[in-house]
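# A look at the structure
For reference, the chains in residue letters:
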Amino acid sequence: MPGWRGTILRIDLTAEKITKQPLDRLVARNFIGGRGFNSHTLFKEVKPGIDPLSPENVLCLAPGALTGTSLALSSRIEVSTLSPYSGILGDGNAGGDFPTFLKRAGYDQIVITGKAKNPAYLWIDDENVELLDASELRGKTTWETTDTLKKVHGKDVKVACIGQAGENMVRFATTMFDKHASAARGSGAVWGSKNLKAIAVRGTGKVKLARPEDFKQLAKEDRQFFLKDKVQREVIAVYGSHIGMMHWKPGKRYFEKYLSGSEVPRALRPEAWKEYEIGRYACYGCPVGCKNTYRIPEGEYAGEINSALEFECIHCLGTNCGIEDPIAIMEMENLADKHGMCVIGLGNTIAFVKELYNRGIITRKDTGGLSLDWEDRDSQFELIRQIVSREGFGNLVAEGMYIFAKTTGRGAMDYCYHVKGLSRGPHPPGIFSLAHATSTRGADHLRGRIWASGENDQGLVREPVDREFMPDVHDDPVRALTIGERVAAIADAIGRCKGAVISWAATVPLIRRYPLLEGVGKLLTTATGFEFSGAQLEEVAERIYIIERAFNIRQGITRKHDRMPQRVELMGTFQGEEELKEHDRMLTEYYRMHGYDLKTGIPARERLESLGLKFVADELEAHGPYPDWDGAPLWSLEGNPHGRSVHELNL
């Protein structure tokens, strides 16, 4: 199959069975790849109501349809599962080298089920695939695991793996690729529950294209933008996402306020990070190199080198936790990467428990004597170590902010600014809050709100956007969000990075030459031989998004869960009530535009069938209504948590 490799790799860990399944051509055309393949698989194969840590859960990894080609910014992979962090769809998108080499090895998707009897890892050497013993890797960090597998199988091998946080099933444990790239929202805990430590791959094949010369010319034209554009060369390639510290209003002390550029501590501004930079890092084949490589100059970890310290870490583990020491932030980034934790989930949870501590809702009696004062970096380090090992107070913090609030009580949930268990902080009604409310993986900044150009990044990246297909975010936020969701879904399906500063040119190939998704259509047409128009790709994006919505409906999500978090001081006030009414009005319009039932938020049969998803409509009608969502299942914290099977849950 041109463009695709034509093979799905299925791994049954319980039976120790490896199967190669031909890629269904209709699925390929309707869901493209990456996120599309994974979301389709999860809806078809994950039974609603199962425990995310049970053997019945499914773990999917899929590179994009254009990953492994000469298209720039295309070494991307989607990792998807039923999330133990949120209890709904949990997917993360990562870069590095691994995605390209998996595609070159010949696979469009890996689907992993069951649970290994003993620690195992998957070894992929082009056509040769084996499950091997990982007992000696147990307890190793992601960095140690990667280095060990390279020594065993060769320096050209690429590695995806988990660290101790995944082994201990910390709810926000992540999958780490090539040491630095993270695919978050709880996938690491699912690896741990399945006794799967790593996947090592060597891929030496080539992706065959239907019209290679035509594709090459289109890809070359797209690449030229990144090689010549002044902002890409002088800002993005120099500072990467650090530039966001001056434009994206990072939170301070658990969203006590959002910092303007002038309020950001000088030690955390883009230029200041150059003091620690020793080079730049790029994912495979990327002409930008948006990530820094840095060396810690002093302290306990002096001399330690890592890459890809992003804005999210500086914000989530730094300013929002009250920490303004750049060396401490670098050290905490390294701890998160080595032990395999998402810096957003980790940082938001720590900031939340610090807020409760500083409000007196929890005390040293709850924390086991640990201080959670805002500026206390040493206690924050200790808490991170406790979280990784699930010891002491860290055992409960490892459950994530929603379950921590639910378990603690005492009004803690009032301060849990979440949507479906994930947090991006409180925002007034508008495209930010609507995007967070309707995102199919919980409050999120990369599902649709990324296109709020002019709302929070004025002057950073000014790109000509045809208002015929992208309305002003203030004039028509619902339509703007819908278009943003579509292009984000297609980016995740073809395997395109959204860029260090999330720009149109990064996310949508050839956007400067063709309207919206027409350029992507030409790339897919020349790569696969199937004809793809921009309009057809918008339909594909709608299909991906609505099947994800349906997956969450089966997990108990309804309209009331598409919420707008509010600060405690606004709750019940006239202003607060008016803001909720405005959000509710926008949500109704959003449902109308997407073809959801206005009262429940459930996708209507007519809309599903128009997208070729009759089987989804039949499933929702046959088995609904579903139990109300209230986070992921609770586990006993005595010893490591463990998932309950469908038999234990009587499902």
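On a predicted model such as this, the values are computed, not experimentally measured, just so you know.

## Things to note about helix α19 (residues 477–494)
The terminal C-alpha atoms of α19 lie 26 Å apart, and with 18 residues this matches the ideal 26 Å at 1.5 Å per residue to within 8%. Within α19, 17 of the 18 residues are buried, leaving the element largely enclosed by the surrounding structure. Downstream of α19 by one or two residues, G495 has phi in the positive range, about 90 degrees.

## Structural notes on the nonpolar core
Within the largest apolar cluster, 153 residues are counted, with the highest numbers of intra-cluster contacts made by I32, L346, F352, L383, I387 and L524. By residue number, the principal contributor to this core is helix α22 (residues 534–554), which donates 10 residues. Once residues lying within four places of it in the same chain are set aside, the contact partners of L524 are I32, A65, L66, I494, G529, F530, F532 and L537. Core analysis: the next-biggest nonpolar cluster, separate from the first, contains 30 residues, L59, F98, F101 and A160 among them.

## Some details on the packing of helix α7 (residues 212–228) against helix α8 (residues 230–239)
For the pair α7 and α8, interaxial distance at closest approach is 5 Å and the crossing angle is 55 degrees. In terms of orientation, α7 lies oblique with respect to α8. Counted together, F225, F226, L227 and K228 of α7 and K230, Q232 and R233 of α8 form the full contact between these two elements.

## Some points on the confidence of the model for the protein chain
Residues at a pLDDT of 70 or more form 95% of the protein chain, whose mean pLDDT is 94. Model confidence for the protein chain, summarised as mean pLDDT per element, is weakest for helix α20 (residues 504–507) at 88 and strongest for strand β6 (residues 109–113) at 99. Overall, residues 644–651 carries pLDDT values under 50, and its contacts beyond four positions in sequence, including any with other chains, amount to 18 contacts.

## What about the pairing of strand β2 (residues 17–22)?
Of the pairings in the sheet, the one linking strand β1 (residues 7–12) to β2 comprises 6 bridges and is antiparallel in character. Each bridged residue has a counterpart across the sheet, and for T7 the counterpart in β2 is P22. A loop of 4 residues connects β1 with β2, the two strands running antiparallel in sequence, and E16 in this loop sits at a positive phi of about 55 degrees.

## Comments concerning the sheet that holds strand β10 (residues 175–177)
Taken together, 6 strands build an open sheet; the order of strands is β8-β7-β12-β9-β10-β11 and the sheet is mixed. At either end of the open sheet lies a strand with only one pairing partner, and these are β8 (128–133) and β11 (181–183). Direction aside, neighbouring strands of the sheet carry axes that sit 20 degrees apart on average. When strand β7 (residues 120–125) meets strand β12 (residues 196–202), the two strands line up parallel, connected through 6 bridges. Paired with D125 across the strands is R202, a residue of β12. In the packing of helix α3 (residues 98–105) onto the sheet, contacts are made with β7, β9 (158–161), β10 and β12, and the angle to β12 comes to roughly 65 degrees.

Reading guide: rules and limits
Residues numbered from 1 in each chain as written. Predicted model: local features only at pLDDT ≥ 70, side-chain atom pairs only at ≥ 80, totals over all residues. Heavy atoms only, no water. Helix = DSSP H or I, 4+ residues; strand = E, 2+ residues; numbered from the N terminus. Expected span 1.5 Å × (residues − 1). Buried < 20%, exposed > 50% of the residue type's maximum accessible area, 1.4 Å probe, protein only. Core = buried A, V, L, I, M, F, W, Y, C linked by side-chain atoms within 4.5 Å. Contact = heavy atoms within 4.5 Å. Axes fitted to C-alpha atoms, helices over the stretch in contact; angles between N-to-C directions. Parallel < 35°, antiparallel > 145°, perpendicular 65-115°, else oblique. pLDDT = per-residue confidence, 0-100. Pairing = 2+ DSSP bridges.

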